[in-house]
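The chain contents come next:
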Amino acid sequence: MAPPGPPLPVLDVINALNPAGGAAAVYFGVSIDWKINDPENFNKDLGHNAAIQDGYYYISSTLERAQRVNSSGIDHTVPDYFEWTSHLIAGTGAIMGITLLPHYGLDNISQEAIVQLGAKCAEINQMGVPIMLRFAPEMNGNWWPWGQDPVKYRSVFRRLALVVRNMTGDTTVPGNGTALPVNGTNVTSVGHNGNGIIFARRAQTAIVWAPAPAQRYPYNETVSRYSPAWNTSRWIEMDTNKDGVVNELDDPYLPYYPGDDVVDWVGVTAIHYGPVNSTTTNGTGNAHTNTTLTPLNALPPVGNDPNGTSFESMVTGATTQWNFYETFSKGKTKPMVISETGIAYYVNQPPGPGELAMKQTWWKSLYNITLLKTYPLIRAVVWYDQAATEYGENISYALTLNTTILSAFQFDINSLPTGTLIYANETIVPSNGTMLANGTFVNGTMFNGTLSNGTQVFGAWVNGTFVNFTGQGVIGVSGGSGAGNGVGVGAQGNAMAANGPHFLHGGQRTGANLNAEGPDGMDGGG
């Protein structure tokens with residue numbers, strides 16, 4: 001299934017997204033429970049198409065494709081979970097979030113599996129589906145088999161990222177109005193960037209690095225078989241200040257950072273598990289099992305709270321000297337994704353202030369125009385819309401399983417200023433007040449849409465300004481496979497101005513190949 005509109009950009013989004021009126025321009029993302037839900041149903045419930053649809057996938061000595069799913073109440077195994085989910089996502093126009101878990105550990109990942117991953121990402125991109133690939137998240141924690149092994153983690157991350165980059169490639173090329181060598185990829189927009197360059201925009205793959213927040217690092221209160229033994233090479237690498245102790249004075253992030261050249265987005269997990277108690281905690285430093293000191297169901301704090309359990313505290317590293325946003329997002333000019341967020345409601349515990357009050361306080365603290373303008377490099381937030389049994393407790397993080405909570409959430413996000421949250425394939429209002437169809441404020445993205453007064457408009461966003469090219473010698477190129485899905489433009493003018501801007505807008509090219517793009521090569525086209 002081809003996407004219903006141009007793909008949302010995942011690379012160079014800081015420059016690509018040009019919101020009107022200083023709006024935040026944050027992708028609204030979700031991590032659904034694919035065993036009971038799918039993107040279409042979630043979007044119907046929410047009333048918007050989520051811009052990111054995330055899921056969990058596995059890699060070991062091979063790329064693990066087969067997985068059990070639930071389709072229309074029928075539990076069965078699909079032979080290729082990547083293909084199955086990507087087709088469901090494609091129909092919504094969303095970015096595919098691939099959270100890739102090496103659940104047998106880093107040593108078990110083979111080069112063959114990495115090449116299989118690169119080929120699969122290229123295949124999904126050719127469908128017109130962008131990818132945000134989050135490999136082995138929360139690697140600084142000790143609750144995953146890939147955790148707290150800095151040298152090995154950096155090595156595997158770099159190896160994987162470079163192969164995926166090589167096999168998915170980029171299509172930004174100079175041009176002079178001639179056909180562009182797009183190598184069989186799904187070309188959805190080709191535009192003039194204002195500097196004499198014609199470039200192609202297609203579905204691409206971005207690499208995401210996403211540790212756990214710094215509070216309570218190195219999480220020694222959590223007994224784990226994955227924690228390194230004292231004075232081993234792993235332990236020594238974590239002792240960043242070389243004082244012979246691994247504690248909160250050691251950098252919780254830098255030992256695990258694989259390098260600017262292989263990271264497109266930085267991210268962090270920001271899930272609130274309850275008030276801090278003095279005993280058992282989970283990896284984010286929040287209590288999850290102790291019910292004797294503090295009730296688990298309580299309102300979350302707002303702002304930079306002294307216990308470090310608020311949303312803002314997890315972003316900034318409050319209560320620690322390690323400010324994630326300042327160091328890795330602002331300091332390295334990387335867009336930031338809140339790769340998982342939500343608040344735990346303990347179903348079998350005393351209700352406290354109630355599920356609605358708890359969740360509404362949390363979502364208002366992050367879907368908040370003041371906060372998002374304070375941290376403008378936050379460009380995506382992914383809500384963990386699931387319920388689970390964890391730590392012996394029935395926990396709900398979900399927004400859509402309770403109609404009262406869903407209605408309140410819909411009201412609050414719909415009350416935000418236009419452009420604060422970006423959804424997939426949704427009509428938006430640009431800064432000049434006219435209504436355009438087909439997407440978001442993306443530099444170079446071409447719009448073929450209708451204004452609110454019924455006027456057909458053909459043009460593009462160029463450096464934050466919409467430029468109307470209707471009647472200015474624009475050449476129309478049939479969109480191939482995309483033409484039947486509202487992507488191809490067809491013959492929107494049959495002459496190309498000699499010195500004017502040129503736009504092509506098409507679907508999938510056929511008959512070409514990607515032989516030069518991957519170590520093993522792969523045929524392209526469609």
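Residues numbered from 1 in each chain as written. Predicted model: local features only at pLDDT ≥ 70, side-chain atom pairs only at ≥ 80, totals over all residues. Heavy atoms only, no water.

Colleague: Help me understand the pattern of salt bridges in this model?
Modeller: Two side chains of opposite charge can pair, provided their charged atoms sit close to one another. Inspection of the entire model under this criterion finds 13 salt bridges. Between Lys152 and Asp107 there is a salt bridge, with the nearest N and O atoms lying 2.9 Å from each other. With Lys152 in helix α5 (residues 150-168) and Asp107 in the loop between β6 (95-101) and α4 (111-126), this pair connects stretches of sequence that are 45 residues apart. The class of Asp107 is exposed, set by a relative accessible area of 65%. It is possible to trace a salt-bridge network through shared partners that takes in Arg65, Asp80, Lys120 and Glu123. (Salt bridge = Lys/Arg side-chain N within 4 Å of Asp/Glu carboxyl O. Helix = DSSP H or I, 4+ residues; strand = E, 2+ residues; numbered from the N terminus. Buried < 20%, exposed > 50% of the residue type's maximum accessible area, 1.4 Å probe, protein only.)

Colleague: Sorry, what's going on with the sheet that holds strand β13 (residues 345-346) here?
Modeller: Backbone hydrogen bonds hold the strands of a sheet together, and the pairing may be parallel or antiparallel. Pairing within the open sheet is antiparallel, and its three strands lie in the order β13-β16-β15. Looking along the sheet, the strands with just one partner apiece sit at the ends: β13 and β15 (387-390). In this structure, β13 lies alongside strand β16 (residues 393-396), joined through two bridges in antiparallel fashion. In the sheet register, Tyr345 faces β16, and the bridge partner there is Ser396. (Pairing = 2+ DSSP bridges.)

Colleague: Which parts of the structure should I look at to understand the pairing of strand β5 (residues 74-78)?
Modeller: Looking along a regular strand, one sees side chains alternate from face to face of the sheet. Bridge count between strand β4 (residues 67-71) and β5: five bridges; the pairing is antiparallel. For Arg68, the partnering residue across the bridge sits in β5 and is Thr77. Between β4 and β5, which pair antiparallel in sequence order, lie two residues; one of them, Ser72, sits at a positive phi of approximately 55°.

Colleague: Even after reading the chapter, I still don't get the packing of helix α9 (residues 355-366) against helix α11 (residues 403-414), so can you show me in this structure?
Modeller: Helix-helix packing is characterised by the crossing angle of the two axes and by the distance between the axes. The geometry of α9 relative to α11 is characterised by a closest axis approach of 10 Å and an angle of 25° between their N-to-C directions. As far as their axial angle goes, α11 and α9 are roughly parallel. Read as a crossing pair, α9 and α11 show a hand that is right-handed. Contacts from Glu355, Leu356, Lys359, Gln360, Trp363 and Lys364 of α9 reach α11 at Thr404, Ile405, Ala408, Phe409 and Asp412. Of the residues assigned to the contact of α9 with α11, the class counts are five nonpolar, two polar and four charged. (Axes fitted to C-alpha atoms, helices over the stretch in contact; angles between N-to-C directions. Parallel < 35°, antiparallel > 145°, perpendicular 65-115°, else oblique. Left-handed = near helix turned anticlockwise from the far one by under 90°. Contact = heavy atoms within 4.5 Å. Nonpolar A, V, L, I, M, F, W, Y, C, P; charged D, E, K, R; others polar.)

Colleague: Any chance you could explain the confidence of the model for the chain here in plain terms?
Modeller: If pLDDT is low for a region, its predicted coordinates should not be looked at in detail. Mean pLDDT over the chain: 77, with 69% of residues reaching 70 or higher. Contacts of residues 171-201 to residues separated by more than four positions or lying in other chains number 102 contacts, the stretch itself having pLDDT below 50. Long-range and interchain partners of residues 461-466, a stretch whose pLDDT sits below 50, account for 26 contacts in this model, where long-range means more than four residues apart. (pLDDT = per-residue confidence, 0-100.)

Colleague: Explain the environment of His87 here, please?
Modeller: Residue position: His87 is located in helix α3 (residues 81-90). On the accessibility criterion, His87 (32% relative accessible area) is partly exposed.

Colleague: Looking at this model, I keep getting lost on α9. Mind explaining?
Modeller: Residues spaced three or four apart along an α-helix face the same direction, because each turn holds 3.6 residues. Taking 1.5 Å of rise per residue, twelve residues should cover 16 Å, and α9 covers 17 Å from first to last C-alpha, within 8% of that figure. Restricting attention to buried positions, one finds in α9 the residues Glu355, Met358, Lys359, Trp362, Trp363, Ser365 and Leu366. Down the axis of α9, the smallest arc covering the buried residues is 160°, so these residues share one side. (Expected span 1.5 Å × (residues − 1). Arc of directions from axis to C-beta.)

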